[in-house]
Amino acid sequence: MSIGTFTVRPLDPLKDAELLHRWVTDPKAAFWMMQDAKLQDVEREYMRIAAHEHHHAYLGLHDGEPAFLMEKYDPRYVELVGLYDPEPGDVGMHFLVAPTDRPLHGFTRAVITAVMEELFADPATRRVVVEPDVTNKAVHALNEVVGFVPEREIDKPEKRALLSFCTREQFEAARGASV
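Summarised in this report is the structure supplied together with it.

About the criteria used
Residues numbered from 1 in each chain as written. Predicted model: local features only at pLDDT ≥ 70, side-chain atom pairs only at ≥ 80, totals over all residues. Heavy atoms only, no water. Phe/Tyr/Trp six-rings, centres within 6.5 Å; stacked < 30°, edge-to-face > 60°. Helix = DSSP H or I, 4+ residues; strand = E, 2+ residues; numbered from the N terminus. Buried < 20%, exposed > 50% of the residue type's maximum accessible area, 1.4 Å probe, protein only. Salt bridge = Lys/Arg side-chain N within 4 Å of Asp/Glu carboxyl O. Polar contact = N/O pair within 3.5 Å; in protein donor to acceptor, adjacent residues only side chain to side chain. Contact = heavy atoms within 4.5 Å. Expected span 1.5 Å × (residues − 1). Arc of directions from axis to C-beta. Axes fitted to C-alpha atoms, helices over the stretch in contact; angles between N-to-C directions. Parallel < 35°, antiparallel > 145°, perpendicular 65-115°, else oblique. Left-handed = near helix turned anticlockwise from the far one by under 90°. Nonpolar A, V, L, I, M, F, W, Y, C, P; charged D, E, K, R; others polar. Core = buried A, V, L, I, M, F, W, Y, C linked by side-chain atoms within 4.5 Å.

1. Concerning the packing of aromatic side chains
In step 1: Counted by the stated rule, this structure contains four aromatic pairs.
In step 2: Ring plane angle 25° and centroid distance 5.7 Å describe the contact between F120 and F171, whose orientation is recorded as stacked. A residue pair is termed long-range when its members are at least 10 positions apart, and F120 in helix α3 (residues 107-120) and F171 in helix α5 (residues 168-178) qualify at 51 residues.
In step 3: Look at F120 and you get buried, because its relative accessible area is 6%.

2. Looking at the pattern of salt bridges
In step 1: Scanning the model with the defined rule gives 15 salt bridges in all.
In step 2: Residue E45 pairs with R48 through a salt bridge whose shortest N-O separation is 2.7 Å. Note that E45 and R48 are positioned in helix α2 (residues 39-51) at a spacing of three residues, about one turn of the helix.
In step 3: Since its relative accessible area comes to 26%, E45 is described here as partly exposed.
In step 4: Classification of R48 by relative accessible area gives partly exposed; the value is 41%.
In step 5: Residue D90 pairs with R127 through a salt bridge whose shortest N-O separation is 2.8 Å. Here the residue D90 occupies a position in strand β4 (residues 90-97), and R127 occupies one in strand β5 (residues 127-130), the gap between them amounting to 37 residues.
In step 6: Each of E79, E131, K156, E158 and K159 takes part in salt bridges that share partners, so that together they form one network.

3. Observations regarding the side chain of T125
In step 1: Tracing the chain through its elements places T125 in the loop between α3 and β5.
In step 2: Side-chain polar atoms of T125 contact the backbone oxygen of L119, separated by 3.0 Å.
In step 3: Those residues in contact with T125 that lie beyond four places of it in its chain are G89, V91, L119, F120 and R168.

4. Quick look at α2
In step 1: Taking 1.5 Å of rise per residue, 13 residues should cover 18 Å, and α2 covers 18 Å from first to last C-alpha, within 8% of that figure.
In step 2: Buried residues of α2: V42, Y46 and I49, and no others. Seen along its axis, α2 keeps its buried residues to an arc of 50°; they face one direction. When the buried face of α2 is taken as reference, the exposed residues oriented beyond 90 degrees from it are R44 and A51.
In step 3: Among the structural elements, α1 (17-24), β2 (55-62) and β3 (65-73) are those in contact with the buried residues of α2.

5. Quick look at the packing of α3 against helix α4 (residues 137-145)
In step 1: Interhelical geometry of α3 versus α4 gives an angle of 55° and a closest axis separation of 10 Å. By the angle between their directions, the pair α3 and α4 is classed as oblique. Here α3 and α4 pass one another in a crossing that is right-handed. For the pair α3 and α4, contact is made by T108, R109 and I112 and by L142, N143 and V145, respectively.
In step 2: Residues belonging to the contact of α3 with α4 are distributed by class as follows: three nonpolar, two polar and one charged.

6. So, the nonpolar core
In step 1: Grouped together as the largest cluster of nonpolar side chains are 25 residues, with contacts concentrated most on M93, F95, V115, M116, L119 and F148.
In step 2: Elements that contribute at least two residues to this core include exactly β3, β4, α3, β5 and α4.
In step 3: It is α3 that provides the largest number of residues to this core, a total of nine residues.
In step 4: Residues within four places of L119 in sequence aside, it is in contact with M70, K72, V91, M93, T125 and V128.
In step 5: In terms of nonpolar packing, the next biggest core, distinct from the first, is built from 18 residues, L20, W23, M34 and L59 among them.

In structure tokens, the structure reads:
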């Protein structure tokens, strides 16, 4: 059974700010660390990302409707500077599924799979790097499903994080195992 079609488009920081504000301040987005953000804070944060050469934000669509947020960054310049030794082709990633009153079984797994497909669609991407909060067990399980392997815990200014990696080959193997 197909969950539907996923696409991504560049985020428009001003046009999409109200939608993002609802998402990042929802209790289910606690690990996004923007619970108390005002609309202007969200606009400012995504304007900063839009202006950054090495950090990009995208709005993910499910059957044409906004459903998730995806961020892609170069860990040599953003998020992980000095916290690990980046390799050529490393790409950092964050994703957030929109809160819903009607959860669809398997939806979040389908979203992270679509995000990984999008990242690996670029032939230059050799490995995806993530650094979720060590206490975010739900995302650790999702990451494992798509092929991420935890390396070690690291201390970031805002959290203790689990540094994990997923190569193209690990993703393909995980995808093949889940079919």
